[in-house]
Each structure stands twice: as C-alpha cells, then as structure tokens.
Amino acid sequence: MNGGPSGFNNASVTRAFVIACALFTIFFGIRGRPSKLGLSYQDIFKKLQLWKLIVSVFAFSSTPELMFGLYLLYYFRVFERQIGSNKYSVFIIFSVIVSSLFEILALSLFKDPALNLLTSGPYGLIFSSFVPFYFDIPISTRFRVFGIRFTDKSFIYLAGLQLLLSSWKRSILPGICGILAGSLYRVNFLHIRKMKFPEFISSFFSRLSSPATGSSSTAAPSRNILGNAPSYVGRQVEGNYPSSIGGTAAIEPPEDSIATLVSMGFDRNSARQALVRARNDVNAATNILLETQSH
C-alpha cells in the first residue's frame, strides 16, 4: 500500500493545504506563539478570540506535531485522487467545520477557564481522514516483527497514534472530534458526499500552489470512493471495452498510472488490463474498473 505516485500529482488542494500548514506553523513559531494558539473556554466564550478558530486549523504547536501531521496529510492525498479535487475540498471544509463545532461543544461542557484544552493544527481533517482510511484502503501486505503482526497500514496508524498522544488530552480531544466528523461524512450526513465545489476552485488551488513548470495535472475522477470502496483484489476487467482501437497493438501502461489505480484499492493486474483497454487514460480506466465491480 502506498499513496500512489510520489508528489502532489492530481492533489492540488492537498498541496495548498500542506503549504499553508507549514507557513502558518513557521510564522507563529518565529513569533514564539505556537503554544498560545490552542483553544480554551476562556478564549472562545470570555475573550471572544474567534480568530483562533481559523488560525488553529493550520498552525501546529510544535515541530514533532508538524512533522507527523504533514506526513499524514501528504499520505491522505490519495483520497483527493480518488474523488477529485472538487469533492475533496468539500470533505476538507466539512471535516474542519464539524470537528470545530464538536470542539466548541466540548469546551462549553468542560467550562474550565484556566485549562487550555485543545492543541492547534488540522487535527479535524487528519483524523477525519482515518475513517475512510480504515474502511476503504485495502491491506496489501502482512508481516511479523518479533512475533507481532503488522500490515502495510500499521505505520500510518502508528503515526496517527503519535500525533493523537503528542499533547495528551489537549490533542486527544481534537482527534476524537475529527473521527466523529469523518464518521458523519461517511454516513452521508445531509447528503454531503453528493456536494462538490465548482471546477474553478480546484483550478485556483492548482495555480496557487504549483510552480510554473509548464505542466498541468488532470483532475482525478470524481466518482467513488470515500465511504464505499471495497478491496478489488483478484477481480478481472470485463465488459464491452475493446482492448485496442482499430486493431493496433496495445501500449504497455506506464508504472505511475498503474500505481495511481492501485492506490485507489484496485488489484494491480486488473488496473493494468483496464489501462490497456482505455489506452492509458487513467480516468477511463477507473470507470472501467468501477463498472466491472458493479456487475
């Protein structure tokens, strides 16, 4: 299991979010204020420092949290590739808003003006992403270390556990709120999974965070997957799609295209067959695999 091809190909929104988190953390770190960004009952309900609700979404409070947080955000770019940048933007907004509402509710219940309960950082988005990670990303490798069973997903869980416990109860509560937000997204609360931003939103993030390399990324397919992706291991590609057009020889699919489909949970051999049938069009190959799975 991996996050697909390296880099932020087809993940422009994730790239912009990662850059924003890094810049906010560095900026407030230089000013010596990262530990003061955590939310408390007094900040929200007494001092009405509502700006912290926004800043605390992006700025981590310590360097270790920044490292583990950016690693997880980078890995979870796989979901943007699966559902497309437009729907993934909705997932980000929903996760951040809903988890923040849960955090505010928790602060109002504790009502301790002297206790700084919550740490800062995009905990809502990160731990919301663990919900589809648990249900939708298949295990591809199992192994043992000193008699203990591990899978290729174990390292992501360990990184998440480290982040969850990084500030003890100050980080555990935002993590739990993120998991609750991800669960609501998965059950399609208010039909949220049918919503998506206009195309220009993802184009804006792509232009904002991409260097002027002269290359453009195609949007990931918008069908699928946050919430309903089974493991497609061993399923063969069938249907009415010709393996080649006009009798021409099939072109061997590039490795990065195969890796993109494998990162979505499809079997490697089926991914290769679909790419051959689609003449190496990743979007068309994804549709082939999805239609095959639905039969």
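Residues numbered from 1 in each chain as written. Predicted model: local features only at pLDDT ≥ 70, side-chain atom pairs only at ≥ 80, totals over all residues. Heavy atoms only, no water.

Enquirer: Just checking my understanding: could you explain the overall build of the protein for this structure?
Expert: When its secondary structure is counted, the protein shows 13 helices and two strands. Out of the 295 residues in the protein, the part that is buried amounts to 48%. (Helix = DSSP H or I, 4+ residues; strand = E, 2+ residues; numbered from the N terminus. Buried < 20%, exposed > 50% of the residue type's maximum accessible area, 1.4 Å probe, protein only.)

Enquirer: Just checking my understanding: could you explain the packing of helix α7 (residues 123–136) against helix α8 (residues 154–164) for this structure?
Expert: Helix-helix packing is described using two parameters, namely the angle between the two axes and the distance between the axes. Packing of α7 against α8 brings their axes to within 12 Å, and their N-to-C directions diverge by 150 degrees. Here α7 is positioned roughly antiparallel relative to α8, judged by the angle of their axes. You can see that α7 and α8 cross each other, and the crossing is left-handed. Counting all contacts with α7, which are made through Y123, I126, F127, F130, F133 and Y134, the residues of α8 involved are I156, Y157, G160, L163 and L164. (Axes fitted to C-alpha atoms, helices over the stretch in contact; angles between N-to-C directions. Parallel < 35°, antiparallel > 145°, perpendicular 65-115°, else oblique. Left-handed = near helix turned anticlockwise from the far one by under 90°. Contact = heavy atoms within 4.5 Å.)

Enquirer: I tried to follow unusual backbone geometry on my own but got confused; where do I start?
Expert: Negative phi is the rule for most residues except glycine; trans is the rule for most peptide bonds. Despite not being glycine, N188 shows a phi value in the positive range, around 65 degrees. What makes N188 partly exposed here is its relative accessible area of 22%.

Enquirer: Is there a simple way to think about the nonpolar core in this case?
Expert: Considering soluble globular proteins, one finds that nonpolar side chains tend to be buried as a cluster. Within the largest apolar cluster, 37 residues are counted, with the highest numbers of intra-cluster contacts made by F76 and I126. When residues of this core are traced back to their parent elements, those giving at least two are α1 (12–30), α4 (63–75), α5 (77–83), α6 (85–110), α7, α8 and α9 (169–186). In this structure, I126 is in contact with F60, G69, L72, L73, F76 and L163, ignoring residues within four places of it in sequence. Judged by nonpolar contacts, the second largest core, of 12 residues, contains M264, A271, A278 and L290. (Core = buried A, V, L, I, M, F, W, Y, C linked by side-chain atoms within 4.5 Å.)

Enquirer: Can you help me understand empty space enclosed by the protein in this one?
Expert: A probe as big as a water molecule, rolled over the atoms, marks out the empty space that is left. Evaluation of the coordinates by the stated rule reveals three cavities of 30 Å³ or more. In terms of lining residues, the largest cavity is bounded by 15 residues, among which S56, V57, S100, E103 and G121 are the most central. Listed by contribution, the elements that provide at least two residues to the lining of the largest cavity are α3 (51–58), α6 and α7. In terms of residues, the lining of the largest cavity owes the most to one element, α6, which gives four residues. (1 Å grid on protein atoms, 1.4 Å probe; cavity = no way out; pocket = protein on both sides within 12 Å on 5 of 7 lines; lining within 4 Å. Points joined across faces, edges and corners; volume = space filled by probe spheres on them.)

Enquirer: Would you mind showing me how to read the environment of S120 here?
Expert: For S120, the location among the structural elements is in the loop between α6 and α7. The class for S120 is buried, based on a relative accessible area of 0%. The spacing of S120 and V57 is 63 residues in sequence and 6.4 Å in space, taken between C-alpha atoms. Polar contacts involving the side chain of S120 include one to the main-chain carbonyl oxygen of A59, which spans 2.7 Å. (Polar contact = N/O pair within 3.5 Å; in protein donor to acceptor, adjacent residues only side chain to side chain.)

Enquirer: How do you make sense of the packing of aromatic side chains when you look at a structure like this?
Expert: Summed over the entire model, instances satisfying the criterion amount to 21 aromatic pairs. A centroid spacing of 5.7 Å and a plane angle of 70 degrees characterise the contact between Y75 and F76, whose relative ring orientation is edge-to-face. Here the two residues Y75 and F76 agree in accessibility, since each one is buried. For the ring pair F133 and Y157, a centre distance of 5.1 Å and an interplane angle of 70 degrees mean the geometry is edge-to-face. Of the two residues, F133 is situated in helix α7 and Y157 in helix α8; the sequence distance between them amounts to 24 residues. Among the aromatic residues, ring-to-ring pairing joins Y75, F76, F79, Y123, F127, F130, F133 and Y157 into one connected group. Its end group placed over the ring of Y74, R77 keeps NZ or CZ at 3.9 Å from the ring centre. Here the basic side chain of K153 rests over the ring of F133, its NZ or CZ set 4.7 Å away from the ring centre. (Phe/Tyr/Trp six-rings, centres within 6.5 Å; stacked < 30°, edge-to-face > 60°. Lys NZ or Arg CZ within 6 Å of the ring centre and 35° of its normal.)

Enquirer: Even after reading the chapter, I still don't get the side chain of T151, so can you show me in this structure?
Expert: Looking at the secondary structure, you find T151 in strand β2 (residues 148–151). Within the local environment of T151, its side chain forms a polar contact with the backbone nitrogen of K153, the two atoms lying 3.1 Å apart. Setting aside anything within four residues of it in sequence, one finds T151 in contact with I139, T141, R142 and F143.

Enquirer: I tried to follow α6 on my own but got confused; where do I start?
Expert: Side chains that are three or four residues apart share a direction in an α-helix, a result of its 3.6 residues per turn. Under the 1.5 Å per step criterion, the end-to-end length of α6 is 37 Å for 26 residues, consistent within 8% with the ideal 38 Å. K111 occupies a position one or two residues after α6 and carries a positive phi of about 50 degrees. (Expected span 1.5 Å × (residues − 1).)

Enquirer: What is the right way to look at the confidence of the model for the protein in this model?
Expert: The predicted coordinates should not be examined in detail at positions where pLDDT is low. Here the protein averages 80 in pLDDT, while 77% of its residues score no lower than 70. This stretch, residues 212–225, has a pLDDT under 50; its non-local contacts, to residues over four places away or in other chains, come to 37 contacts. The low-confidence segment residues 238–248, where pLDDT is below 50, has 10 contacts with residues more than four positions distant or belonging to other chains. (pLDDT = per-residue confidence, 0-100.)

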